[in-house]
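# Inside the fold
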Amino acid sequence: MIRKIHGIEYELTRKNVKNINLRVTRGKIKVSAGNGIPASYIDAFVASKAEFIKKAAERAESRIPVPVPNITDNEALMYFTDITRRIYPRFSRFGFPFPSIKVRLMKSQWGNCRRANGLITYNKYLCSLPDRLAEFVAAHELSHMVISGHSAEFYAVLDEAMPDHRARRAELSQYSIK
């Protein structure tokens, strides 16, 4: 349902969630909230985030949209397997086995790690970007095979594996998925 408060138009979706979730993308503001949360409370929440929404919308508009890659899923899988094989030796001292690799189109992540399953999933959109950015995502996800979450220990592992990861992350943040 579309709602408007103080000139901010947003799409409200009711879900089985505990918190109010706010997402700002190119040209859209989306809010999800639990069924028991009154609409007036959600409106007040959105209004209180007006400055954040304005800045996030400006950032989203300045990002470069990534086109859907014109390759098959199998080609993307081979590409990400190769990238991961190049980065994996940097993690040899941790002794975890080479992860399974999966590829799919994702709306909000470049990659994710299922440590317990030994699985890394890459966003197919990443195939449209320079290799160094896919290498960053691989290093980031392989670091999650060692440390869950984004603690200081996680970043110590990532720093060791890829000392220039901050510059690569900054470059990746210039792009948006869709």
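Procedures and definitions
Residues numbered from 1 in each chain as written. Predicted model: local features only at pLDDT ≥ 70, side-chain atom pairs only at ≥ 80, totals over all residues. Heavy atoms only, no water. Phe/Tyr/Trp six-rings, centres within 6.5 Å; stacked < 30°, edge-to-face > 60°. Buried < 20%, exposed > 50% of the residue type's maximum accessible area, 1.4 Å probe, protein only. UniProt positions renumbered as here; feature names shortened; annotations may be inferred. Helix = DSSP H or I, 4+ residues; strand = E, 2+ residues; numbered from the N terminus. Pairing = 2+ DSSP bridges. Axes fitted to C-alpha atoms, helices over the stretch in contact; angles between N-to-C directions. Core = buried A, V, L, I, M, F, W, Y, C linked by side-chain atoms within 4.5 Å. Contact = heavy atoms within 4.5 Å. Patch = residues over 30% accessible without salt bridge, like charges linked within 9 Å, V, L, I, M, F, W, Y side chains within 5 Å. Areas by Shrake-Rupley, 256 points an atom, 1.4 Å probe, with all protein chains shown as cover. Salt bridge = Lys/Arg side-chain N within 4 Å of Asp/Glu carboxyl O. Lys, Arg positive; Asp, Glu negative; His and termini not counted. Charge placed at Lys NZ, Arg CZ, Asp CG, Glu CD.

On to the packing of aromatic side chains. Under the definition given, this model contains seven aromatic pairs. Look at Y79 and F80: their rings are 5.1 Å apart centre to centre, the planes differ by 65 degrees, and that puts the pair in the edge-to-face class. For the residue pair Y79 and F80, the accessibility class agrees, reading buried in each case. Geometrically, the ring pair formed by Y88 and F96 is edge-to-face, given 5.8 Å between the ring centres and 75 degrees between the ring planes.

The sites that carry the UniProt feature "domain: YgjP-like metallopeptidase" (unreviewed entry) are, in the present numbering, residues 75–174. Regarding residues 75–174, the helix share stands at 45% and the strand share at 14%, and the terminal C-alpha atoms are separated by 25 Å.

In spatial order, the strands read 6-8-7; together these three strands make up an open sheet with mixed pairing. Two strands bound the open sheet, and with one partner strand each, they are strand 6 (100–104) and strand 7 (111–114). Between one strand and the next, the sheet's axes are offset by a mean angle of 20 degrees, whatever the strand orientation. Examined bridge by bridge, strand 6 and strand 8 (residues 119–123) share five bridges and lie parallel to one another. The residue of strand 8 that forms the bridge with V103 is Y122.

We now examine the nonpolar core. Membership of the largest hydrophobic core comes to 35 residues, with the highest contact counts inside it found for F80, F91, W110, Y122, L126, L129 and L172. Within the residue set of this core, elements represented by two or more residues are helix 3 (73–87), strand 6, strand 8, helix 4 (131–144), helix 5 (152–161) and strand 9 (175–177). By residue number, the principal contributor to this core is helix 4, which donates seven residues. Not counting residues within four places of it along the chain, the set of residues in contact with L126 comprises F80, W110, L133, A134, V137 and L172.

Attention now moves to a positive patch on the surface. Residues K15, R23, K28, K30, K107 and K178 make up a contiguous surface patch of positive charge. Along the chain, K15 turns up in the loop between strand 2 (8–14) and strand 3 (21–25).

Oppositely charged side chains may form a pair once their charged atoms are brought near each other. Evaluation of the coordinates by the stated rule reveals 10 salt bridges. The partner of R86 in a salt bridge is D82, and the shortest N-O contact between them spans 3.4 Å. In this pair, R86 and D82 are both assigned in helix 3, four residues apart and thus about one turn of the helix distant. Judged by relative accessible area, R86 falls into the partly exposed class, the value being 38%. Residue R166 pairs with D159 through a salt bridge whose shortest N-O separation is 2.8 Å. Within the structure, one salt-bridge network assembled from shared partners comprises D82, R86, E135, D164 and R168.

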